[in-house]
Amino acid sequence: MERHQGSWKVEGEEEYNIGELVIDNDYIEFFVRGKSIPWACTFIGSNGEHPIKVYAKGPGETKHRSLNMSIGYRVVKVAMTNAGFQEGFEINNICAFSFEIPELVDWLKINSVSIGFTEANELFAIEEKIESIIIKNENPHIEISFGPASPFMPPEINDRVEYVVKNYPRVHVSYEEMVTDERVYADIQILMRFFGMLIGYVSYAKDIRLNIEGKDLKTWIWFNEDFSHNLRHLNGIDRFRTEYSQVKDELANYFENWYTFSNDDYFFLPRQMFFNSNRKREIFAEDLFVQYVKILEGYHLRISGDEKKAEQLGIEILEQLKDENVKKVLSEPFKKAGSSYKPKTVAQWIQGGFLSRITLETRLKKLDEEHGSIVAGNTEYVYKESNADKYFSAIVKTRNYYSHYKPDRDGVLTFGQMCNSIDVLKCLIIMILFSHMGMDIDTAKQIMIHDDKLWMYTSCMKKDQDIEG
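Computed from a predicted structure; not experimentally measured.

Calculation rules
- Within each chain, residues carry numbers counting from 1 in the order of the written sequence.
- At least 70 in pLDDT is required for a residue's local features to be given in this predicted model, at least 80 for side-chain atom pairs to be given and counted, and no such filter applies to totals for whole chains, interfaces and linings, which use all residues.
- Working from all heavy atoms in the structure, the side-chain values ignore hydrogens and water.
- Note on conventions: DSSP H or I runs of at least 4 residues are helices, E runs of at least 2 residues are strands, and numbering of each starts at the N terminus.
- For every residue, the accessible area obtained with a 1.4 Å probe (protein chains only) is divided by the maximum for its type, and the residue is called buried under 20%, exposed over 50%, and partly exposed between those limits.
- Only four residue types enter the charge count, namely Lys and Arg as positive and Asp and Glu as negative; His and the chain termini do not.
- To locate a charge, take NZ of a lysine, CZ of an arginine, CG of an aspartate or CD of a glutamate.
- Classification of ring pairs rests on two measures: the distance between centres of Phe, Tyr or Trp rings, Trp counted by its six-membered ring, which must be within 6.5 Å, and the angle between planes, read as stacked under 30 degrees, edge-to-face over 60 and tilted in between.
- Only lysine NZ and arginine CZ atoms are considered, and such an atom sits over a ring when it is within 6 Å of the ring centre and within 35 degrees of the ring normal.
- For two strands to be treated as a pair, DSSP must find at least two bridges joining them.

Engineer: Can you lay out the overall build of the chain for me, pointing to particular residues and giving the numbers?
Structural biologist: If you tally the helices and strands in the chain, you get 16 helices and 14 strands. Considering the chain as a whole, with its 469 residues, one finds that 46% of them fall into the buried category. Side-chain charges of the chain comprise 56 positive and 72 negative groups, with the mean position of each set lying 8 Å from the other.

Engineer: Account for the packing of aromatic side chains, with residues named and values stated.
Structural biologist: Each aromatic ring pair is summarised here by two numbers: the centre-to-centre distance and the angle between the ring planes. For the coordinates displayed, the defined rule picks out 28 aromatic pairs. Taken together, a centroid distance of 5.7 Å and an interplanar angle of 90° make the contact between Tyr 55 and Phe 89 edge-to-face. Highlighted residues: Tyr 55 in strand S5 (residues 51-59) and Phe 89 in the loop between strand S6 (70-80) and strand S7 (94-100), separated in sequence by 34 residues. Classification of Phe 89 by relative accessible area gives partly exposed; the value is 25%. Between the aromatic rings of Tyr 381 and Tyr 457, the centroid separation amounts to 5.9 Å while the plane-to-plane angle is 65°, which identifies the pairing as edge-to-face. Here Tyr 381, found in helix H12 (residues 379-383), pairs with Tyr 457, found in helix H16 (residues 455-458); they are 76 residues apart in sequence, far enough to count as distant. In this arrangement the basic side chain of Lys 63 is found over the ring face of Tyr 27, its NZ or CZ atom lying 4.7 Å from the centre. One cation-aromatic arrangement involves Lys 136 over Tyr 259; the distance from NZ or CZ to the ring centre is 4.9 Å.

Engineer: Could you give me a rundown of the pairing of strand S10 (residues 133-136), with the residues and numbers involved?
Structural biologist: As judged from the 3 bridges shared by S10 and strand S11 (residues 141-147), these two strands associate in the antiparallel manner. Across the sheet, the residue bridging to Ile 133 is Ile 144, located in S11.

Engineer: Run through the pairing of strand S8 (residues 113-117), naming residues and quoting values.
Structural biologist: In terms of strand pairing, S8 meets strand S9 (residues 123-127) through 5 bridges, oriented antiparallel. Residue pairing in the sheet places Gly 116 in a bridge with Phe 124 of S9.

Engineer: Let's hear about unusual backbone geometry: which residues, and what values?
Structural biologist: Following Asn 139, the chain continues into Pro 140 via a peptide bond in cis, with omega recorded as 0°. Of note in this structure, Asp 207 is not a glycine but carries a positive phi near 50°. Here Asp 207 lies in strand S13 (residues 206-212). On the accessibility criterion, Asp 207 (16% relative accessible area) is buried.

This is the structure we're talking about:
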């Protein structure tokens, strides 16, 4: 954890106040005395060597506040540079950026440094020249290349007698047009999720360096954002979900497909909710179970086109219901029922009825059949019965029980069954996401049956010739 206490001023003002910036990888806090600004604001200060700018959105709670009489702020990001800061809340004219994903070192398994001895028996270290791994060719161009790690040596290093040589894999992203830090944030998120899916988990986006057009010096940026994936299960993981050698021939193809899928707003909500559900924040089992079922339901509504069909049906039905002759026919029955005839409301009822013509149970079954039959294959292991239809029915009843506060527990999964079902549903969602990378189902199955955390739920997909996980 870094703590930078010193003098800070609101950007554009002259008066300085005592404040402190706390950076703990992806968690950032800022508090300052004498200033309470209720809207988006920026502060300028220093860490003693480099100018720093804090971008905040009004006051907020802090956990590590050490200054009495100070006001905490909701930090969005922090930038550090000697090249001067742009005014305002955005960072513009970014032409490229790079960052580190700590897990890439062990996932790639590429030796990038070596040691040797001179004729005088002096030890030396060498940075190996490693060919870049291109994962996206154009706009943006994205590659993994090896180079020196952060130029800021750890404070415990005494450079009179020691020096650290690192040849670290970094993800480099370059654009054909100038972008803002908002685009940088979005692309980091896409990359972290991609490698989180392949590796099984990722922790931080570290040492983010921005190249700004017309500036010789780089700008460092920290986002106050949890980019991690699946860290809650880190203690149960002894190996990665894949290794680079397994997927290197298809890596660029997988990422191109993933990048397209990640920028498809039609799938934004189910995609976002899955990754939000697998960040560091703890979630109650009941909430997570309901979330996964909703993700699968929402996903099937999209791929089936039912939402678009229902929307169009609603528009056309509403036009008919507004007709004066239809109003005359339907107003009286509504009046007798103690209500009033409202065309828009009736159209929404019909629209909802159209969507519910295919039950949730049917939607889950269809998705399961198309992606390895993981749910059906776990019927006996989780539900302790051989009838898969009963298991699907129990999943739906359990979702309804917790999401609609149903009073009847009949047919609802036990707590233990529900917890196991969470991982079963998670396996199905991962298989679906792998399909959006362009991964064929047999490859996805082979990856999942060897998943160190989920293999007991995916072993039902094994064939006789498969190697034991």
